[in-house]
Each structure stands twice: as structure tokens, then as C-alpha cells.
Amino acid sequence: MKIGFIGLGNMGAPMAANLAAAGHAVTGFDTVATPPADVAQAASAAEAAAGAEVVITMLPNGAILKAVAGDVIPAMQSGAVLLDCSTVDVASAREVAAMAEAAGLGALDAPVSGGVGGAAAGTLTFMVGGGAAAFATAEPLFEVMGQKAVHCGPAGNGQAAKICNNMILGVTMIATCEAFALADKLGLDRQAMYDVVSTSSGQSWSMTTYCPAPGVGPKSPSDNGYTPGFAADLMLKDLRLSQAAAEGADADTPMGALAAALYARFVEEEDGAGRDFSAMLPRFETRTRES
Ligand code: NAD
């Protein structure tokens, strides 16, 4: 397939490289980064999009996505698909899909989980919103870049799935970390805590797959000095998106709101910036009820 790829950062570059390695003709554009080997360089986003059957975007936020969509949609050939893999707000995803569809294009929002490691290994999970025909066009590309693509419904539903998942993740990581810190103060050994909780009703992915306590459970960023992994900054971004969506939909999300406030404090006022999101455990370790 002829593919335009816009946004060649930490995630976009390895995704574009995997598509090129699978035999697709990929032309990339980024305002700063240069394309990986086997990806041709375009002079602009519109040039990368011209003549492509699928244009993929992997950009920082909804405002940038909307600006790039404004440039590429007029350059795209009729019937082509605009496939956004960035994590952005639901409203921007729906606006961009409406712009694309008004221009006779297919549109999908397909944010990912799996991080930079999953992007490099081609094992991402895609959560996809948009029409069935566009999904069918993009499916072979999902198979190259990832291991699973779930069609979640119409435009915006991929972003909705992503932020709901990450709201649960943020809340359960905080709960897991504060429980470990309480267990420490009660004299409960961390390994014993893990052995009980990982097989009891407090079990979650945060405990069993990504345990925030070093030396306990499978290898995780806690065993590597809390180098991300999944950075606390990105968790804060996703929690803020979930709160913006909750406001827009008039949904009551008190735990999500508290998780967003705690990660904001951790990243913006404490030492959380650039650390893995499970570094909430050393944060709680040093705290008292009043601090
Ligand atoms: P990044 O900052 O490394 O990459 C974004 C790229 O977009 C940069 O290279 C930047 O130069 C480029 N860019 C910005 N404006 C542009 C424009 N107008 N035209 C062309 N290029 C432009 O970010 P990333 O880590 O690759 O993340 C990309 C998206 O994926 C984000 O929405 C992020 O939330 C999401 N995501 C990231 C991870 C992760 O672990 N890094 C995991 C899941 C989802």
C-alpha cells in the first residue's frame, strides 16, 4: 500500500519503519524528526499525503492533529483513509473524522497501548473508532504494527476506550501503591503482600503484571529505578483527557478526578516528571497522613 506517515517521534518512527519493512511504500513527514531508513522524506504533510491510500498521523495532541488534518485532507485522494493513532481528546477525534468524511475520505481514530516497546516490536493494541469500510482498509496495517485491533464503534470511540482504560489504570496504580506503603508501615512484607493480593480480590494488572515494588513480581520499571515504561507525564495527559471527556459528557468520575489531581501534583510539583507512573510507590513511602 502507498502510505503517508505524519509524526515520526518515539512511537511514529518505529511504526513507520515496521510498515516499510513489511513492503509498504511509506513517505513520512515530521517538523523535527527525520524518517527512519526505508521511509521516504516528504517536504510537507500535504506532500506525504498526496496519492496515499492511507495517511497515518501520530502526533502529540488534538490541536496539532486538527491543524495537520486541515493541511492533509485537501491533498488526499478520494476514498483514501485518514488513520489517526495519536491519543487525543474525543471531541477533536470526532471533528477530524467529520472533516475527512465531508471530503469523501474514510476516517479512523485508533489510539494504541503498548508504548515505545510495543511500537518497535509491532505488538501494539489498537482501539479503533470509525466506519467498517475504513477499518477493513486499515486492518492489514494494524496487523503489521500491532497484535490486536478492536473495532469499538463510530468515530471517537477508539479514544473513548483508551481514556476509560487508562482512567482505570491510573486509579488502580495509585491504589496499589498506597496499599504497599500502608503494608510497609504495618510491618507486612512486600513479597507476602504480593503473594496474597495477586491471587485475591485486590488483584489487578498494576499488581500482577507491572508491580510497583522493586524485586517483587515480574520484571517491571520499578526494577530499573522507575525509568519508563509508561511515563507519569503520559498518564497525566490521559487522565486529563478522561476528565475533559467526563465534563463534556456530564459523567461523574470522582476517582478519575482524584487520580488526575494526584498525578498533576506528582509530575508538576514533586519529582514525578520523566519517571515511570509506578513511581507513585516511592512517593507514598516518604509521606505521612498530614504531608
Ligand atoms: P513524540 O513527541 O515523540 O512524537 C510526536 C512527533 O510529532 C514529534 O516528532 C514532533 O516533531 C511531531 N510533530 C509535532 N507537530 C507536528 C506537525 N505539525 N507536523 C508533523 N509532525 C509534527 O510523541 P510519541 O511518544 O511518539 O507519542 C505520539 C502519540 O502517541 C501521543 O499522542 C501519545 O500520547 C501517544 N502514545 C504514546 C505512548 C508512548 O509510550 N510514548 C504510548 C501510547 C500512546
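The coordinates are above.
A few points on the structure.

Parameters at a glance
Residues numbered from 1 in each chain as written. Predicted model: local features only at pLDDT ≥ 70, side-chain atom pairs only at ≥ 80, totals over all residues. Heavy atoms only, no water. Helix = DSSP H or I, 4+ residues; strand = E, 2+ residues; numbered from the N terminus. Rg over C-alpha atoms; globule rule 2.2 N^0.38 Å. Buried < 20%, exposed > 50% of the residue type's maximum accessible area, 1.4 Å probe, protein only. Contact = heavy atoms within 4.5 Å. Areas by Shrake-Rupley, 256 points an atom, 1.4 Å probe, with all protein chains shown as cover. 1 Å grid on protein atoms, 1.4 Å probe; cavity = no way out; pocket = protein on both sides within 12 Å on 5 of 7 lines; lining within 4 Å. Points joined across faces, edges and corners; volume = space filled by probe spheres on them. Nonpolar A, V, L, I, M, F, W, Y, C, P; charged D, E, K, R; others polar. Near = heavy atom within 4 Å. Sits in = over half its atoms within 2 Å of the grid points. Pairing = 2+ DSSP bridges. Lys, Arg positive; Asp, Glu negative; His and termini not counted. Salt bridge = Lys/Arg side-chain N within 4 Å of Asp/Glu carboxyl O. Polar contact = N/O pair within 3.5 Å; in protein donor to acceptor, adjacent residues only side chain to side chain. Phe/Tyr/Trp six-rings, centres within 6.5 Å; stacked < 30°, edge-to-face > 60°.

Focus: the overall build of the protein chain
Secondary structure summary: the protein chain contains 12 helices and nine strands in total. What you see for the protein chain is a C-alpha radius of gyration of 20 Å, in line with the 19 Å of a compact globule of 291 residues. Here the C-alpha coordinates of the protein chain stretch approximately 65 × 40 × 35 Å along the principal axes. Expressed as a percentage of its 291 residues, the buried residues of the protein chain come to 51%. Put simply, of all contacts in the protein chain between residues at least 6 apart along the chain, 63% involve residues at least 24 apart. Counting only carbon and sulfur atoms, one obtains 57% of the accessible surface of the protein chain, whose full area is about 12600 Å².

Digging into the environment of Gln191
Positionally, Gln191 belongs in helix 8 (residues 190-197). C-alpha separation for the pair Gln191 and Pro35, spaced 156 residues apart in sequence, amounts to 45 Å.

Section: empty space enclosed by the protein
A complete count under the given rule lists one cavity of 30 Å³ or more for this structure. Computed from the structure, the largest cavity encloses a volume of approximately 80 Å³. As for the largest cavity, its lining consists of Leu65, Leu82, Asp84, Ala93, Val96, Ala97, Ala107, Leu108, Asp109, Gly129, Gly130 and Ala155. Within the residue set of the lining of the largest cavity, elements represented by two or more residues are strand 5 (81-84), helix 4 (90-102), strand 6 (106-109) and strand 8 (124-130). A class-by-class count of the residues in the lining of the largest cavity yields eight nonpolar, two polar and two charged.

So, helix 1 (residues 12-21)
Most of helix 1 sits out of view: eight of its 10 residues are buried. Among all positions in helix 1, only Gly12, Ala13, Pro14, Met15, Ala16, Asn18, Leu19 and Ala20 are buried. Residues of helix 1 that are buried make contact with strand 1 (2-6), strand 2 (25-29), strand 4 (54-57), helix 5 (115-121), strand 8 and helix 6 (132-145). Gly23 lies just past helix 1 and shows a positive phi near 100°.

Remarks on the site of the ligand
Taken together, 23 residues are adjacent to the ligand, and Asn10, Met11, Asp30, Leu59 and Lys237 come closest. Judged by the proximity of its atoms to the pocket grid, the ligand belongs to the largest pocket. Listing elements by their share of the shell around the ligand, those giving two or more residues are helix 3 (62-72), helix 5 and helix 10 (232-249). Residues belonging to the shell around the ligand are distributed by class as follows: 13 nonpolar, seven polar and three charged.

A few points about the layout of surface pockets
There is about 1300 Å³ of room inside the largest pocket. Lining the largest pocket are 46 residues, and of these Met11, Thr87, Gly115, Phe230 and Leu234 sit closest to its centre. Of all the elements in the fold, those that place two or more residues in the lining of the largest pocket are helix 3, strand 7 (112-113), helix 5, helix 7 (157-185), helix 9 (205-208) and helix 10. It is helix 7 that contributes the most residues to the lining of the largest pocket, six residues altogether.

Let's talk about the pairing of strand 8
Within strand 8, seven of the seven residues are buried, which leaves the element mostly enclosed by the surrounding structure. Of the two faces of strand 8, both are covered, the one formed by Leu124, Phe126, Val128 and Gly130 as well as the one formed by Thr125, Met127 and Gly129. Pairing of strand 6 with strand 8 involves two bridges; the strand directions are antiparallel. The residue bridging Leu108 from the neighbouring strand is Gly130, located in strand 8. Pairing geometry for strand 7 and strand 8, over two bridges, is antiparallel. Along strand 8, the bridge assignment pairs Ser113 with Thr125.

Regarding the side chain of Asp30
Position of Asp30 among the secondary structure elements: in the loop between strand 2 and strand 3 (40-41). For the buried Asp30, no salt bridge exists, and the shortest N-O distance to an oppositely charged side chain is 13 Å, to Lys237. At 2.6 Å, the side chain of Asp30 and the backbone nitrogen of Leu8 are in polar contact. Engagement of the side chain of Asp30 in a polar contact is seen with the backbone nitrogen of Ala33, the distance being 2.9 Å.

Focus on the packing of aromatic side chains
Summed over the entire model, instances satisfying the criterion amount to six aromatic pairs. Summarising the aromatic geometry, the rings of Phe126 and Phe142 are spaced 4.7 Å apart at their centres and angled 40° between planes, so their arrangement reads as tilted. Here Phe126, found in strand 8, pairs with Phe142, found in helix 6; they are 16 residues apart in sequence, far enough to count as distant. Owing to a relative accessible area of 0%, Phe126 belongs among the buried residues under this scheme. The class for Phe142 is buried, based on a relative accessible area of 2%. Relative to Phe277, the ring of Tyr210 has its centre 5.4 Å away and its plane inclined at 45°; by these criteria the two rings are tilted.

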